[in-house]
Amino acid sequence: MKVIWKVLIWIGSFTWGTFGFAAPNANSWLVKDLMVSGPPLLTQEQILEDVAVYEQILQDAYARYPILQQQGVNWEAVFSNLRASLTASNRPWVTNQFLHKLIEALHFTNDPSLHAEVSVYKRLYTAAVPPFSQSFTRITLARHQNRYRVLPEVENRQIANFWFVRCDGSHYRFFPTIPERQGEQRVRLGMFTFPPPTHLDCQFEHELGQTVPHQLPLQKATVSESTPRNQNPVYTWISGHIPYLRWHREGKPQEDQTRDFYQLVRQLKRHQAFILDVRDNTSGSFGFIEKFFHPLTRTSWQNGVLREKQSVITLEGVLNRLQALRQQVNLPPAERAALGQEKQRLEAMLSYVRRQHPPLRWVETKFSFAGDPEASNWSRRMIVVANRRCGDGCQFLAALAKQTPNSFLVGENTGAFPRNIKQPLYQLPHSRIRISVSHILHLNERKQPVPASGYEPDFWLDDPTSLDAVYRLARSNFP
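Visitor: Can you help me understand the overall build of the protein in this one?
Guide: Broken down by element type, the protein carries 11 helices and 24 strands. Since a compact globule built from 479 residues should have a radius of gyration of about 23 Å, the 25 Å found for the protein is in line with a globular shape. The 479 residues of the protein split such that 50% are buried. Long-range pairs, those at least 24 residues apart, make up 75% of the contacts in the protein with a sequence separation of at least 6. A distance of 4 Å separates the average location of the 55 positive side-chain charges in the protein from that of its 42 negative side-chain charges.

Visitor: Is there a simple way to think about helix α10 (residues 392–403) in this case?
Guide: Side chains that are three or four residues apart share a direction in an α-helix, a result of its 3.6 residues per turn. Taking 1.5 Å of rise per residue, 12 residues should cover 16 Å, and α10 covers 17 Å from first to last C-alpha, within 8% of that figure. Extensive coverage of α10 is indicated by the burial of nine of its 12 residues. For α10, the set of buried residues is G393, C394, Q395, F396, L397, A398, A399, L400 and A401.

Visitor: What is the right way to look at the sheet that holds strand β4 (residues 115–120) in this model?
Guide: The strand order across the open sheet formed by four strands is β5-β4-β22-β21, and the pairing between neighbours is antiparallel. Among the strands making up the open sheet, the edge pair consists of β5 (123–128) and β21 (425–427). Strand-to-strand twist across the sheet, computed as the mean angle between neighbouring axes with direction ignored, equals 20°. Taken together, the three bridges between β4 and strand β22 (residues 434–436) define a ladder with antiparallel strand orientation. By the bridge assignment, H115 is partnered in β22 with S436.

Visitor: Which parts of the structure should I look at to understand the sheet that holds strand β19 (residues 381–386)?
Guide: Think of a sheet as strands paired side by side through backbone hydrogen bonds, with each pair either parallel or antiparallel. A sheet is described by the order of its strands in space; here six strands give the open sequence β14-β15-β16-β19-β20-β24, paired in mixed fashion. Pairing within the sheet leaves two strands with one partner each, and these edge strands are β14 (235–238) and β24 (459–460). Docked against the sheet, α10 engages β15 (244–247), β16 (273–277), β19 and β20 (408–411), running at close to 135° with respect to β19. Relative to the sheet, helix α11 (residues 468–475) contacts β15, β16, β19, β20 and β24, its axis offset from that of β19 by approximately 160°.

Visitor: Explain unusual backbone geometry to me, please; I cannot follow it from the model alone.
Guide: Leaving glycine aside, a negative phi is the common case for residues, and trans is the common case for peptide bonds. Here F194 and P195 are connected by a cis peptide whose omega angle stands at -15°. By the element assignment, P195 lies in the loop between β10 (186–193) and β11 (199–205). For the peptide bond that leads from F417 to P418, omega is 0°, which places it in the cis range. For N90, which is not glycine, the phi torsion reads 55° and is therefore positive. Overall, N90 belongs to the exposed group, its relative accessible area being 63%. Phi is positive for K447, close to 70°, though the residue is something other than glycine. By the element assignment, K447 lies in the loop between β23 (440–443) and β24.

Visitor: Quick question: what am I supposed to make of the state of the cysteines here?
Guide: Cysteine pairs can be linked by a disulfide, which is a covalent bond between their two sulfur atoms. Counting across every chain of the model gives two disulfides. Linked covalently through their sulfurs, C167 and C202 form a disulfide whose S-S length is 1.9 Å. Taking the sign of the S-S torsion, 90° for the link of C167 and C202, the bridge is right-handed. Taken together, the positions of C167 in strand β8 (residues 163–167) and C202 in strand β11 put the pair 35 residues apart, joining distant regions of the chain. On the basis of relative accessibility, which here comes to 4%, the residue C167 falls in the buried class. The connectivity of the disulfide-linked cysteines in the protein, indexed sequentially, is 1-2, 3-4.

Visitor: Even after reading the chapter, I still don't get the pairing of strand β6 (residues 133–144), so can you show me in this structure?
Guide: Along any regular strand, the residues point their side chains to alternate faces of the sheet. Counted residue by residue, β6 has nine buried out of 12 residues, so it is predominantly covered. Note that β6 and β10 share seven bridges and pair antiparallel. Bridge assignment links Q134 to a residue of β10, and that residue is F192. Bridge analysis of β6 against strand β13 (residues 219–220) gives two bridges, and the strand direction is antiparallel. By the bridge assignment for β13, S135 is matched with K220. One ladder, built from four bridges, connects β6 with strand β7 (residues 147–150); its direction is antiparallel. Note on β7: the bridge partner recorded for R143 is Y148. Following β6, the chain reverses through two residues before pairing antiparallel with β7; Q145 in that reversal takes a positive phi of roughly 50°.

Visitor: Sorry if this is basic, but what is going on with helix α8 (residues 312–326) here?
Guide: Spanning 15 residues, α8 covers 21 Å between terminal C-alpha atoms, matching the ideal 21 Å at 1.5 Å per step. In terms of residue burial, α8 counts as a mostly covered element, since 13 of its 15 residues are buried.

Visitor: Can you walk me through the side chain of D111 in this structure?
Guide: Positionally, D111 belongs in the loop between α4 (95–104) and β4. A relative accessible area of 4% places D111 in the buried class. Engagement of the side chain of D111 in a polar contact is seen with the side chain of S113, the distance being 2.8 Å. Sequence-distant contacts of D111, that is, excluding residues within four places in its chain, are made with Y62, R64, V129 and A452.

Visitor: Honestly, the pairing of β20 in this entry has me stumped. Any pointers?
Guide: Side chains F408 and V410 of β20 all project onto a buried face; the interleaved residues L409 and G411 project onto the opposite face, where all are buried too. Sheet topology note: the β19/β20 ladder contains four bridges and is parallel. Pairing of V384 across the sheet is with L409, part of β20. After leaving β19, the chain enters α10 and then returns to the sheet as β20, a path that is right-handed. Examined bridge by bridge, β20 and β24 share two bridges and lie parallel to one another. Within the sheet, the bridge partner assigned to V410 lies in β24 and is F459.

Basis of the calculations
Residues numbered from 1 in each chain as written. Predicted model: local features only at pLDDT ≥ 70, side-chain atom pairs only at ≥ 80, totals over all residues. Heavy atoms only, no water. Helix = DSSP H or I, 4+ residues; strand = E, 2+ residues; numbered from the N terminus. Rg over C-alpha atoms; globule rule 2.2 N^0.38 Å. Buried < 20%, exposed > 50% of the residue type's maximum accessible area, 1.4 Å probe, protein only. Contact = heavy atoms within 4.5 Å. Lys, Arg positive; Asp, Glu negative; His and termini not counted. Charge placed at Lys NZ, Arg CZ, Asp CG, Glu CD. Expected span 1.5 Å × (residues − 1). Pairing = 2+ DSSP bridges. Axes fitted to C-alpha atoms, helices over the stretch in contact; angles between N-to-C directions. Disulfide = S-S within 2.5 Å. Polar contact = N/O pair within 3.5 Å; in protein donor to acceptor, adjacent residues only side chain to side chain. Right-handed = clockwise from strand over helix to strand, strands pointing away.

Here it is in structure tokens:
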């Protein structure tokens, strides 16, 4: 994997005093003791001051803040509603309850990188924005003349062949599923949200043109069991007209299975279509799978971009994170030394950024794949099966499936990326709540932000235990 660094300077500014507190001095965001416990109760004054700091942290450090604003999020209203809910009863707040209120206010972001924790009386309380998950009704719809007709199945005899009209609310959606015949478009009706409701109230039209209501139960998609990483082989291979390769985990160079894994390319070269299953692969790296793909094609791809916000506030937040990591008990000496070196590097970078006007820049890491000049151009059909337990190599393959012609991503959304343990960390002044945010944006090859829920598949699998539909897609002439 070829990695290209590019530094972009973006003109911006920070404004302080909006909420009635003074501009911080040079070290205001550096926390001396992140492990200090919070008080059991908070006054109304303390709550409002902490909320003001919380809002400022998101505005200046959270990478998705401007993206969500462009998409119509009214941040001022978000925090105005939060303050109103916290002051409605005019009573002190229990600190851990205040923690959950802060995170609940951000549930709409669908971004698990937003999380918080606090220690009170030696007990740790945590909260995080939960990821959205899909839930399906039991009906499948087929598109016909710009409308959707209910396909006859055992579960929906009452509305079989009826036309779909609408459902109450605006959060229902259609999930594309793998069709059974050429030219057909099939979808599952459901929701992608948190928390999912128990049912949808929808309306359908029968053959005489009359609209009838029908309540449809919702069920969460089946989740496959995750095997502990150290109990998995590096891969599973099933040969045949359509080869199936499941890549379970990163392989060590000395493992026989690692060497065997790279030899599989010889067999894949004989086939024009194959299935690559990377569900639950959280450890596989870019470099490991890039080495595997290199002999398959001479084609080069720009795979994606990580855009990192570097400012005084974000760098001080990362330094806070390094301090917290170094305070961990039983940390191996080698790791403690590495963190110390990283701390020195960041302090030098912070000193540089402080001297800039304005003190903000975006740094981009571009990931590009360069094929083997001796190989042919890419012309294969690749079906990548993924789920939200998706690591670096899995994300690379998901992005390839989304951008290469005649290839497809199936399964479910790939989840938040990057999974960065060195997220900026801050501490609210009164509650001592530690706030984590992500200062990195994941962009696709067209420089568009990838949603916090990750890449969405071309086709969703409502039953991940069966691969029959995946094989059907690999064999089809679907454009």
